[in-house]
Amino acid sequence: MLTPTGTGITESSEPEDFTAFTEGWMRRFADAATATEAELTALDQQVGDGDFGANLVAGLQATVRRLDLPVGPPAPARSLEAAASAFLDEVGGTSGPLFGLLLQEIATAVAAARDGAPATALAAGTGNGLAAIQRVGEAAVGDKTLVDALAPASSRLDAQARAVPGDAGAALACAASAAWGGVRRTARLTARRGRASYLGDRAAGVPDPGAVGIALLFSAATSSVTSLRSHLN
Amino acid sequence: MGLYFANVADELVGDALAGFARAHAGDVRWDERDGYVRALKPAPTRRVGLVSGGGSGHEPLHLGYVGTGMLDAACPGRVFASPHNRQIFAASRAVAGEDGVLHVVKNYTGDKINFGIAAERLAREGIPCGRVLVDDDVATESAEIATGRRGTGATVLVEKILGAAADTGMGLSDLVALGTDVVGRCRSLAVASAAHTSPATGQAAFDLPAGAIEYGVGIHGERARRTLQERSLRDLAEDMVAALADSLRLDARAQVVLLVNGLGGITRLELYAVLNEVTRLLDKRGASTVRTLVGDFVTALDMRGFSLTLMAADDATLAYYDAPADTPAWCGRAG
């Protein structure tokens with residue numbers, strides 16, 4: 001008699017097909033960025049030079065072009081690597097390439113994980129991405145940058161992945177929720193790094209657009225898990 | 001004030017790079033696809049590649065210092081805009097030696113981030129990468145300025161000295177230590193009697209009344225904290241030398257390398273007169289001016305102004321300074 005192994009009989013939201021999950025994640029991120037581009041631009045016109053929405057969408061359009069013409073055999077990290085190289089090589093400004101660094105670290109951790117738990121790999125990659133972004137940008141929590149969303153997302157993702165390693169969906173949902181909490185906090189902060197720092201208190205009340213981008217990234221991940229589950233079950 | 005001579009404003013940098021490569025065809029190559037200028041005849045003894053870069057509009061920096069004895073590669077951005085990390089990554093991979101690559105970075109947020117992203121990518125490929133951050137501009141020396149002093153004229157001296165040291169086969173960590181020490185020995189200050197012409201508008205980037213002097217201007221036209229009225233060259237030089245000497249804590253009997261740098265729109269006649277005043281003031285302080293450089297080294301498009309850089313030298317840095325170099329714009333000589 002065959003014994004069902006792992007998922008399927010539990011309430012876990014582990015993605016059964018990790019390769020399909022990462023591709024769906026990047027496509028959903030592209031959809032979300034395109035849908036919110038006008039709002040991101042409006043935010044960045046208040047606290048930056050107004051190009052963040054366009055740069056994020058440009059990076060994701062370049063990502064989708066790569067996904068449509070994939071290079072190499074299907075693998076969980078392939079779509080993440082495509083997004084990383086699109087953001088690092090083709091996007092101007094500074095926030096876009098910083099997203100590339102984050103995606104590259106997540107891709108590296110996912111590629112290294114092989115048969116390990118996806119939640120653990122995603123947590124490790126996100127933590128390494130946060131560290132790389134902080135080394136480069138020298139921003140700390142409270143400086144009103146994307147770090148204000150990424151740091152709590154990383155820490156909640158890590159805690160949840162340690163508690164329930166077999167449930168990537170739950171870990172990503174925690175990360176998304178923590179990232180949006182960070183976005184709301186940036187609205188109350190005065191910038192000390194990035195272009196918004198030139199404005200002082202004039203940027204008060206406006207959330208940081210880079211932080212919004214991070215929250216969109218983790219929301220897209222959550223919806224990609226949910227969507228796969230509905231198709232596969 | 002007049003318009004720039006360019007076919008298309010956006011293409012001025014690219015056209016200039018093509019012309020630069022044509023003028024120095026045997027010595028450098030412009031890689032248009034990857035966006036960097038590379039030296040064709042580096043010393044075979046080099047174990048570390050030297051890479052710098054930054055916004056265009058400061059010529060001859062950095063292009064003019066690519067060549068034997070100085071930089072292995074330079075990455076130009078658009079006018080006053082940082083180069084893309086992709087250019088820095090490609091240049092660094094191309095010129096990395098057995099002990100990696102050293103980035104010489106002027107202290108501006110955009111440059112730091114783009115060189116930093118390239119450094120992360122190099123680390124991922126196992127290429128050792130170090131950084132020397134140049135921050136010499138005393139106009140931005142203040143406890144209130146969290147980003148610290150800007151990087152300006154000292155960059156040329158740092159690139160020269162590190163180039164000579166790299167030619168001896170010095171390793172990456174020693175080059176980082178040497179470069180950091182040299183940066184600490186250098187201070188600069190710039191003044192202008194007229195702004196540069198904005199390439200976007202064809203107008204002065206900022207307005208100065210006749211006779212006014214912007215004291216502590218930046219090389220991108222950043223306004224100074226003070227605008228002086230009707231100051232003689234003698235009085236101006238005295239203020240500037242005092243500010244530099246104080247920041248360096250220059251003691252009597254110090255050996256000083258003096259760079260009198262034109263910002264792009266000033267005559268050589270004036271620069272030599274500046275040099276005359278400054279050396280006189282240094283003599284009066286008991287310092288000995290052991291080397292002088294005069295000319296346009298780090299410009300701000302066509303800004304009508306000059307900067308002074310003082311380096312408190314020791315015998316080791318002077319030996320590297322005096323070592324031969326052959327690049328399109330280096331004109332330093334021993335003596």
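Residues numbered from 1 in each chain as written. Chains lettered and ligands numbered in written order. Predicted model: local features only at pLDDT ≥ 70, side-chain atom pairs only at ≥ 80, totals over all residues.

Draft legend 1. How the structure looks around the overall build of chain B. Secondary structure assignment for chain B yields eight helices and twelve strands. A globule of 335 residues ought to have a C-alpha radius of gyration of about 20 Å, and chain B, at 19 Å, matches this closely. Reported as C-alpha extents along the three principal axes, the dimensions of chain B are approximately 55 × 50 × 40 Å. Counting all 335 residues of chain B, 55% fall into the buried class. At a minimum sequence separation of 6, the contacts of chain B that also span at least 24 residues come to 73%. (Helix = DSSP H or I, 4+ residues; strand = E, 2+ residues; numbered from the N terminus. Rg over C-alpha atoms; globule rule 2.2 N^0.38 Å. Buried ≥ 20, exposed ≤ 12 C-beta atoms within 10 Å, placed from the backbone. Contact = placed C-beta atoms within 7 Å.)

Draft legend 2. Representation of the pairing of strand β5 (residues 101-106) of chain B in the model. Residue and element names in this part refer to chain B. Most of β5 is tucked away: six of the six residues are buried. Alternating residues of β5 divide into Val101, His103 and Val105 and Leu102, Val104 and Lys106, and every residue in both groups is buried. Bridge count for strand β3 (residues 49-56) against β5 is four bridges, and the pairing is parallel. Across the sheet, residue Ser52 finds its bridge partner in β5, namely Val104. Direction of pairing for β5 relative to strand β6 (residues 129-134): parallel, over a ladder of six bridges. Residue pairing for β6: Leu102 is matched across the bridge by Gly130. For the crossover from β5 across helix α3 (residues 109-124) to β6, the handedness is right-handed. (Pairing = 2+ DSSP bridges. Right-handed = clockwise from strand over helix to strand, strands pointing away.)

Draft legend 3. Region of interest: the nonpolar core. Core analysis: the biggest nonpolar cluster contains 178 residues, and Ala171(A), Ala179(A), Ala215(A), Ala73(B) and Leu162(B) have the highest contact counts within it. A total of twelve residues in this core trace back to one element, the largest contributor, which is helix α7 (residues 168-186) of chain A. A domain-level breakdown of this core finds at least three residues from each of domain 1 (9-184) and domain 2 (186-322) of chain B. Ignoring sequence-local partners within four residues, the contact set of Ala73(B) consists of Tyr36(B), Val37(B), Arg38(B), Ala39(B), Gly49(B), Val51(B), Val66(B), Ala91(B), Ala94(B) and Val95(B). (Core = buried A, V, L, I, M, F, W, Y, C linked by C-beta atoms within 7 Å. Domains from an automatic or database assignment.)

Draft legend 4. Just the UniProt feature "domain: DhaK" (unreviewed entry) in chain B, in detail. Sites flagged by UniProt as "domain: DhaK" (unreviewed entry) map to residues 8-330 of chain B. Secondary structure within residues 8-330 of chain B divides into 33% helix and 24% strand; the distance between the first and last C-alpha atoms comes to 30 Å. (UniProt positions renumbered as here; feature names shortened; annotations may be inferred.)

Draft legend 5. Quick peek at the environment of Arg226(B). All names here are of chain B. Following the sequence through the fold, Arg226 ends up in strand β9 (residues 226-229). Residue class for Arg226 comes out exposed when judged on the 12 C-beta atoms lying within 10 Å of it. Separated by eleven residues in sequence, Arg226 and Tyr215 have C-alpha atoms that sit 5.6 Å apart.

Draft legend 6. Geometry of the domain arrangement of chain B. Residue and element names in this part refer to chain B. Domain assignment breaks chain B into domain 1 (9-184) and domain 2 (186-322). Placing the centre of domain 1 and that of domain 2 at their C-alpha centroids yields a distance of 23 Å. Taken together, the 26 residues of domain 1 in the interface contact 28 residues of domain 2. Elements represented by at least two residues in the side of domain 1 that touches domain 2 include exactly α4 (154-167) and α5 (172-184). Counting residues per element, the side of domain 1 that touches domain 2 draws most heavily on α4, at eight residues. In terms of residue class, the side of domain 1 that touches domain 2 is built from 15 nonpolar, five polar and six charged. (Nonpolar A, V, L, I, M, F, W, Y, C, P; charged D, E, K, R; others polar.)

Draft legend 7. Quick peek at α4(B). All names here are of chain B. The first and last C-alpha atoms of α4 sit 20 Å apart over 14 residues, in line with the 20 Å expected at 1.5 Å per residue. Across the 14 residues of α4, 14 count as buried, placing the element largely inside the fold. Once α4 ends, the next one or two residues include Gly169, with phi positive near 90°. (Expected span 1.5 Å × (residues − 1).)

Draft legend 8. Inspection of the interface of chain B and chain A at higher detail. Taken together, the contact between chain B and chain A spans ten residues of the former and eleven residues of the latter. Contributions of two or more residues to the side of chain B that touches chain A are made by α2 (85-95) and α3 of chain B. With six residues, α3(B) is the largest single contributor of residues to the side of chain B that touches chain A. When its residues are assigned to classes, the side of chain B that touches chain A shows three nonpolar, four polar and three charged.

Draft legend 9. Molecular detail of the sheet that holds β9(B). All names here are of chain B. Read across the sheet, six strands follow the order β9-β8-β7-β12-β10-β11 without closing on themselves; strand pairing throughout is mixed. With partners counted over all chains shown, the strands left at the sheet margins are β9 and β11 (288-295), one partner each. Between one strand axis and the next, the sheet turns by 20° as a mean value, whatever way the strands run. Alignment of strand β8 (residues 212-215) against β9, held across four bridges, turns out to be antiparallel. Note on β9: the bridge partner recorded for Ile213 is Leu228. Helix α7 (residues 268-285) contacts β10 (255-262), β11 and β12 (304-313) of the sheet and is inclined by roughly 155° relative to β10. (Axes fitted to C-alpha atoms, helices over the stretch in contact; angles between N-to-C directions.)

Draft legend 10. Focus on the confidence of the model for chain A. Residues and elements named next belong to chain A. Put simply, chain A has an average pLDDT of 88, and 87% of its residues get 70 or more. The secondary structure element of chain A with the lowest average pLDDT is helix α8 (residues 209-232), at 89, and the one with the highest is helix α6 (residues 147-163), at 97. Across residues 1-10, confidence stays below pLDDT 50; counting only partners more than four residues off in sequence or on other chains, it has four contacts. (pLDDT = per-residue confidence, 0-100.)

Draft legend 11. Seen up close, the sheet that holds strand β2 (residues 36-39) of chain B. Residue and element names in this part refer to chain B. Strand order in the open sheet formed by six strands is β1-β2-β4-β3-β5-β6, with mixed pairing between adjacent strands. A single partner strand is all that each edge strand has here, and the edge strands are β1 (28-31) and β6. Pairwise comparison of adjacent strand axes, ignoring direction, gives a mean angle of 20° for this sheet. Sheet strands touched by α4: β3, β5 and β6. Its angle to β5, the strand with the most contacts, is close to 170°. Together, β5 and β6 form the strand contacts of α5, whose direction differs from that of β6 by roughly 5°.

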